[in-house]
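Listed here are the chains, written in short residue letters.
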Amino acid sequence: MSQKRSWKTRFRATVAAAAITVTGLAPLAAPTATTATAATVVAETATGAATNTTWQARQVTYVADFGSNTVSVINTLDNRVVATIPVGTGPIGVAVTPNGDRAYVTNFESNTVSVIDTRTDTVIATIPVGANPRGVAITPNGDRVYVTNQGSGNVSVIDTATDTVLTTVSVGAAPDGVAITPNGDRVYVVAGGDNEVSVIDTATNTRIDVITVGADPRQVAITPNGTRAYVTDNGDNTVSVIDIATGTVIRTIELLCGSGPVGVAVSPGGARVYVTSPRPGAVPGIVSVIGTATDAVISMIPVGNEPDGVAFTAAGTRAYVANSGSNNVSVINTRTNLVAATVAVGTFPEGVAVKRVRTVPTRPPVTRRPVTVEADATNAG
């Protein structure tokens, strides 16, 4: 049994949930299992045809189920699991290529990366990497995948054209989270063992800077404009804010509730940062919402037990949170900051990534009529 799986086992005790209220913030509402909000799209009906044909954009969410050795695929239109994909042992991180064709999954216990063809939801390649691969990020042009190897203290750089490792880059001890700037020039790697973030130049694949952050950092997310990086400091219950231009920590945000922040994601519009706090031994876990204009906590959302990874839909109207302690995913409506649905997945879900796809049927001449389905229509910031 790995150290990672033992950590999960130690904190699976269930405690009665309690309402949490913080002065100056709205009370936390209990998670619900309602249907996500609907938006109007257009169904196109063939003239003279007996049946209707739907032409619409949809998204799917990939969830790495550490304990099940699978990836759960959630259709975000109705929040149903539509596929379960066997991968390596201990899948923990997942990222989708910009064109949506591939998903790369790190297998913590088998020291590999599984490559999923998202059109068929099948594994088409398995890539050996370093020891205990954890974080995974893909360059904006889709050419390279960067994988953090916790047990090796380095990063594997994968060429997506051949699905082979091009090189490895030494970083700090126990590297975990990884994020890439929007222009693709820099890779930010969190090294929890050294309380630092390494910066890699993608042109040379060399480490060019080291930034000291809080205790036991875990994950990192970069704003869409590429000016700031947000790092979860698990040991300090804080979030470090890095100015990317200067390579310095310009602010440390104290979280008002929860303990041991892990996951972090920035909304597509850049206005909000969502941070997961597992609160070991307590129920429920918490997602803290930080406003980037002030770098202050503006809301807190109770989710499932031990939340870990978090990812936004393309329009930012929903966030998907993997709850490793309750074997489900919380779907947050970002307009209300309430849980709109809860989706059962495999055991110990960790990493989560959202892929945007399009269903394109063959279309004869059409007439149009409105129908109502669930879809993202507005960027929530």
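This is a predicted model, so every value here is computed, not measured.

Chemist: Got a minute to help me understand the side chain of asparagine 154 in this structure?
Modeler: Looking at the secondary structure, you find asparagine 154 in strand β12 (residues 154-159). Those residues within four positions of asparagine 154 in sequence are excluded, and the remaining contacts are Val147, Thr148, Asn149, Thr168, Val169, Ser170, Val171 and Pro175.

Chemist: What am I meant to see in the packing of aromatic side chains here?
Modeler: By convention here, two paired aromatic rings are described through the distance between centres and the angle between planes. Applying the stated criterion across every chain yields a total of two aromatic pairs. For the pair tyrosine 274 and phenylalanine 312, a centre-to-centre distance of 5.0 Å together with 65° between the ring planes defines the contact as edge-to-face. In this pair, tyrosine 274 is assigned in strand β23 (residues 272-277) and phenylalanine 312 in strand β26 (residues 307-312), connecting sequence segments 38 residues apart.

Chemist: When you look at the pattern of salt bridges in this model, what are you seeing that I'm missing?
Modeler: Oppositely charged side chains are able to pair whenever their charged atoms sit close together. Overall, the coordinates contain eleven salt bridges when judged by the stated rule. For aspartate 117, the salt bridge is made with arginine 119, and the minimal N-O distance between the two is 3.3 Å. The residue arginine 186 makes a salt bridge to aspartate 201 at a minimum N-O spacing of 3.6 Å. Of this pair, arginine 186 sits in strand β15 (residues 186-191) while aspartate 201 sits in strand β16 (residues 196-201), and the two are 15 residues apart along the sequence. According to the relative accessible area criterion, arginine 186 is partly exposed, its value standing at 28%. Taking the relative accessible area as the measure of exposure, aspartate 201 reaches 16% and is therefore buried.

Chemist: Help me understand the sheet that holds strand β24 (residues 286-291), please; the structure alone is not making it clear to me.
Modeler: What links the strands of a sheet is backbone hydrogen bonding, and the strands pair in either a parallel or an antiparallel sense. Read from one edge of the open sheet, four strands run β22-β23-β24-β25, paired in antiparallel fashion. Edge strands, defined here as strands with exactly one partner in the open sheet, are β22 (264-266) and β25 (296-302). Going from strand to strand, the sheet's axes swing by 20° on average, the running direction of each strand aside. As paired strands, β24 and β25 are joined by six bridges and run antiparallel to one another. Bridging across to β25, valine 287 finds its partner in isoleucine 301.

Chemist: Explain the nonpolar core to me, please; I cannot follow it from the model alone.
Modeler: Among soluble globular proteins, nonpolar side chains are generally buried collectively. One finds Tyr230, Val239, Ile253, Val273, Val275 and Ile290 to be the most contacted residues of the largest nonpolar core, which totals 15 residues. Excluding anything up to four places from it in sequence, isoleucine 290 contacts Val239, Ile253, Leu255, Ala271, Arg272, Val273, Val275, Asp295, Ala296 and Val297.

Chemist: Help me understand the confidence of the model for the protein chain, please; the structure alone is not making it clear to me.
Modeler: Low pLDDT means the predicted atomic positions in that stretch should not be read closely. A residue-level look at the protein chain finds 77% of positions with pLDDT of 70 or above and a mean pLDDT of 83. Here residues 1-57 scores under 50 on pLDDT; set against residues more than four positions off or in separate chains, the count is 133 contacts.

Chemist: I tried to follow the sheet that holds β15 on my own but got confused; where do I start?
Modeler: Taking strand neighbours across the sheet as the criterion, the four strands line up as β14-β15-β16-β17 in an open arrangement whose pairing is antiparallel. Two strands in the sheet have a free side with no partner beyond their single neighbour: β14 (175-180) and β17 (206-212). The average angle at which neighbouring strand axes cross in this sheet is 25°, direction not considered. Sheet topology places β15 next to β16; six bridges connect them, and they run antiparallel. Across the sheet, the residue bridging to alanine 191 is glutamate 196, located in β16.

Chemist: Is there a simple way to think about the environment of threonine 347 in this case?
Modeler: Relative to the elements of secondary structure, threonine 347 occurs in the loop between β29 (338-344) and β30 (349-359). C-alpha of threonine 347 to C-alpha of serine 326: the two residues are 21 residues apart in sequence and 8.0 Å apart in space. Once residues within four sequence positions are removed from consideration, threonine 347 is found in contact with Asp65, Phe66, Gly67, Ser68 and Asn327.

Chemist: How should the layout of surface pockets be read in this particular structure?
Modeler: To find the voids left in a structure, one rolls a probe of water-molecule size over its atoms. Taken as a whole, the largest pocket holds about 1,400 Å³ of empty space. It is β30 that provides the largest number of residues to the lining of the largest pocket, a total of seven residues. The residue makeup of the lining of the largest pocket, split by class, is 28 nonpolar, 15 polar and five charged.

Chemist: Please explain unusual backbone geometry as it appears in this structure.
Modeler: Here the phi dihedral of asparagine 205 falls at roughly 50°; this positive angle occurs in a residue that is not glycine. Looking at the secondary structure, you find asparagine 205 in the loop between β16 and β17. Backbone geometry at asparagine 327 places phi at a positive 55°, although glycine is not the residue there. Inspection of the secondary structure assignment puts asparagine 327 in the loop between β27 (318-323) and β28 (328-333).

Chemist: Just to check I follow, could you spell out the side chain of asparagine 79 for this structure?
Modeler: For asparagine 79, the location among the structural elements is in the loop between β4 (70-75) and β5 (80-86). Using a relative accessible area of 11% as the deciding quantity, one classes asparagine 79 as buried. Within the local environment of asparagine 79, its side chain forms a polar contact with the side chain of tyrosine 320, the two groups lying 2.5 Å apart.

So, how was this worked out
- Residues numbered from 1 in each chain as written.
- Predicted model: local features only at pLDDT ≥ 70, side-chain atom pairs only at ≥ 80, totals over all residues.
- Heavy atoms only, no water.
- Helix = DSSP H or I, 4+ residues; strand = E, 2+ residues; numbered from the N terminus.
- Contact = heavy atoms within 4.5 Å.
- Phe/Tyr/Trp six-rings, centres within 6.5 Å; stacked < 30°, edge-to-face > 60°.
- Salt bridge = Lys/Arg side-chain N within 4 Å of Asp/Glu carboxyl O.
- Buried < 20%, exposed > 50% of the residue type's maximum accessible area, 1.4 Å probe, protein only.
- Pairing = 2+ DSSP bridges.
- Axes fitted to C-alpha atoms, helices over the stretch in contact; angles between N-to-C directions.
- Core = buried A, V, L, I, M, F, W, Y, C linked by side-chain atoms within 4.5 Å.
- pLDDT = per-residue confidence, 0-100.
- 1 Å grid on protein atoms, 1.4 Å probe; cavity = no way out; pocket = protein on both sides within 12 Å on 5 of 7 lines; lining within 4 Å.
- Points joined across faces, edges and corners; volume = space filled by probe spheres on them.
- Nonpolar A, V, L, I, M, F, W, Y, C, P; charged D, E, K, R; others polar.
- Polar contact = N/O pair within 3.5 Å; in protein donor to acceptor, adjacent residues only side chain to side chain.

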